[in-house]
Amino acid sequence: MLALLAATIVPRLIVVQRQREDKAILQVADLLRMYAFRNTAGTQQIGLYYNPAESEVSLWIYDLNPSDPEGKRVWQEDRLSSPVTLPDGMLIASASADGLDLYEDAWNIPTHPDGSRPRIELELVGTEKSATIVLENYTNVPTRSDDPRAVTRDPIDLDSQGGAFDRW
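None of the values given here were measured: they were computed from a predicted structure.

A.B. asks: Could you give me a rundown of the nonpolar core, with the residues and numbers involved?
C.D. replies: Leu-48, Leu-86, Ile-92, Leu-122 and Leu-124 are the most contacted members of the largest nonpolar core, which has 28 residues in total. Mapped onto this core, the elements with two or more residues apiece are helix 1 (2-41), strand 1 (46-51), strand 2 (56-63), strand 5 (91-97), strand 7 (107-110), strand 8 (120-125) and strand 9 (130-135). If one sorts the elements of this core by residue count, helix 1 sits on top with 8 residues. Once residues lying within four places of it in the same chain are set aside, the contact partners of Leu-48 are Leu-31, Leu-32, Tyr-35, Val-57, Ser-58, Leu-59, Trp-107, Asn-108, Ile-109, Ile-120 and Leu-122.

A.B. asks: Describe the side chain of Glu-136, listing the residues and the values that go with them.
C.D. replies: Along the polypeptide, Glu-136 turns up in the loop between strand 9 and strand 10 (143-144). Judged by relative accessible area, Glu-136 falls into the buried class, the value being 6%. Of note is the side chain of Glu-136, whose polar atom sits 2.9 Å from the side chain of Arg-119.

A.B. asks: So what about the packing of aromatic side chains? Which residues, and what values?
C.D. replies: For the structure on display, the rule yields 3 aromatic pairs. Judged by centre distance (5.4 Å) and plane angle (65°), the ring pair of Tyr-49 and Trp-60 falls under edge-to-face. Linking Tyr-49 in strand 1 with Trp-60 in strand 2, this pair joins segments that are 11 residues apart in sequence. Overall, the relative accessible area of 24% leaves Tyr-49 in the partly exposed class. Taking the centre distance of 5.2 Å and the plane angle of 45° together, the rings of Tyr-62 and Trp-75 count as tilted. Linking Tyr-62 in strand 2 with Trp-75 in strand 3 (residues 74-77), this pair joins segments that are 13 residues apart in sequence. Overall, the relative accessible area of 30% leaves Trp-75 in the partly exposed class.

Definitions and limits used
Residues numbered from 1 in each chain as written. Predicted model: local features only at pLDDT ≥ 70, side-chain atom pairs only at ≥ 80, totals over all residues. Heavy atoms only, no water. Core = buried A, V, L, I, M, F, W, Y, C linked by side-chain atoms within 4.5 Å. Buried < 20%, exposed > 50% of the residue type's maximum accessible area, 1.4 Å probe, protein only. Helix = DSSP H or I, 4+ residues; strand = E, 2+ residues; numbered from the N terminus. Contact = heavy atoms within 4.5 Å. Polar contact = N/O pair within 3.5 Å; in protein donor to acceptor, adjacent residues only side chain to side chain. Phe/Tyr/Trp six-rings, centres within 6.5 Å; stacked < 30°, edge-to-face > 60°.

Structure (structure tokens):
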């Protein structure tokens, strides 16, 4: 009787864990999309922050200090986006910004003061699912590394397009 009960419950628990990890992967990709959008649309520096103690990824902005508006700017959690809490058993196994690996336990990937942003690559590893999410520094759409759009392509040579753009 116990074996029959275990045979029906264990697969369901695995499916639930897989769904939680799928959802976390999508939420982190959405957070990267928000990071890119806020960088493109705004004037403030944006930072992607990972806190492994809380298993949380969040956006931070470099903004006026609410307690001292005339003073130095400070990093504070973004009020326009929700942090992503990774499910039990899932972590960010590796992260890089512009090809530089981040080895610290907690890290922050800020946009550049000139308004550009780094290329971000995050490897999420869970008990049932894993994915590598890449945000190129020239697009607002994060992709998984197995997606063909994640491959860096050469720029299109407009001169070789047969004059299709001559009318502009």
